[in-house]
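# Architecture at a glance
Here is what each chain is made of, one letter per residue.
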Amino acid sequence: MDRTQKPVIDIQHITYRYERSPVLDDVSLTVQPGTFLGLVGPNGSGKSTLIRLMLGLLKPQMGDVRLFDTEVRKFSNWGKIGYVSQKANRFNAGFPATVFEVVSMGLFGPVGLCRFLGKKERTRVHEALDTVGMKAYAKQPIGRLSGGQQQRVFIARALVSNPELLILDEPTVGVDANAAQRFYDLLAALNQQHGLTLILVSHDVGTMTRYVSDIACLNQRLHFHGSKSEFEENPDFSALYGHEVQHVVHEHGELTQ
Ligand SMILES: Nc1ncnc2c1ncn2[C@@H]1O[C@H](COP(=O)(O)OP(=O)(O)OP(=O)(O)O)[C@@H](O)[C@H]1O
């Protein structure tokens, strides 16, 4: 990791409240290029809120967010950032789109019908599917795929614009343990072979710590941020965030996108 480069994300002293009490209190976090950051914390600790602030979807009451050295409200180069939300792994069986069409939406948004794609764009969609090992499924209806396969397609959709940063919010919810492990292998390869900066929100701390380079522990405040080895050497944080958190069960609803 080149620490002399500008951070991909630079968050300084953020406070955010939806209602009266702050959900995030004086949180600062910088993410350097090439990092694979695991963001952990118990239910309701503010992880998704922090991600929404990073993406400019929420505006902090206090503090600053910079993306690629630009203030988030002035940032426009969204193709540099891929985002897979926690509810992105549920298309029902009748959803009327093929895998190819879903991935092509990553180039042009939901109106990007494939008949408008040029040869170059079509090649990019196939390359993105190839990267996640789903090229053979291009013509399949998305709703017929398993949760783990759908999750790979969402990664392909996020990768098709060639992002430099990929943010994943609980990507393995509803995916079985084997598929989750293959999924983490894929993320590690994207990080190591393609130099992609990754931020992964997960409750599965035990599995996640095998793959990430850095860990951030959030619970309204940022209680820890450092390398994986620093985390593991710190009995307080690894006990608190490494064990109690990983068994929390989620009850997220069906995808409505
Ligand atoms: N739109 C909203 N309006 C009001 N309160 C909200 C809203 N979204 C989240 N909250 C509250 O903010 C707190 C943090 O929520 P957030 O979703 O950021 O936590 P999280 O760490 O991602 O949780 P989980 O692990 O359960 O997904 C929670 O107490 C939640 O109830």
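For the structure itself, consult the block above.
The structure reproduced in this document is the subject of the present report. If you're wondering where the values come from, they're calculated on a predicted model, not measured in any experiment.

This paragraph deals with the packing of helix 2 (residues 99-108) against helix 3 (residues 119-131). Where helix 2 contacts helix 3, the two axes come as close as 9 Å, and the packing angle between them is 110°. Between helix 2 and helix 3, the crossing angle belongs to the class labelled roughly perpendicular. Remark: the crossing between helix 2 and helix 3 carries right-handed chirality. Side by side, helix 2 and helix 3 meet where Val99, Phe100, Val103, Ser104 and Leu107 of the first sit next to Glu121, Arg124, Val125, Ala128 and Leu129 of the second. Residue composition of the contact of helix 2 with helix 3, by class: 7 nonpolar, 1 polar and 2 charged.

Turning to the nonpolar core, a few remarks are in order. Counting residues in each nonpolar core, the largest one holds 68 residues, and the members touching the most others are Leu37, Val99, Val103, Val153, Ala156, Ile167 and Leu200. In contact with Val153, not counting residues within four places along its chain, are Val99, Val102, Val103, Met134, Ile142 and Leu145.

Let's shift gears to the sheet that holds strand 5 (residues 70-71). Pairing is antiparallel in the open sheet, where 4 strands are placed in the order 2-1-4-5. In this open sheet, the two strands that pair with only one neighbour each are strand 2 (24-31) and strand 5. Alignment of strand 1 (residues 9-16) against strand 4 (residues 62-67), held across 5 bridges, turns out to be antiparallel. Bridging across to strand 4, Ile9 finds its partner in Leu67.

Cut-offs applied
Residues numbered from 1 in each chain as written. Predicted model: local features only at pLDDT ≥ 70, side-chain atom pairs only at ≥ 80, totals over all residues. Axes fitted to C-alpha atoms, helices over the stretch in contact; angles between N-to-C directions. Helix = DSSP H or I, 4+ residues; strand = E, 2+ residues; numbered from the N terminus. Parallel < 35°, antiparallel > 145°, perpendicular 65-115°, else oblique. Left-handed = near helix turned anticlockwise from the far one by under 90°. Contact = placed C-beta atoms within 7 Å. Nonpolar A, V, L, I, M, F, W, Y, C, P; charged D, E, K, R; others polar. Core = buried A, V, L, I, M, F, W, Y, C linked by C-beta atoms within 7 Å. Buried ≥ 20, exposed ≤ 12 C-beta atoms within 10 Å, placed from the backbone. Pairing = 2+ DSSP bridges.

Read these as spatial facts, not as claims about activity.
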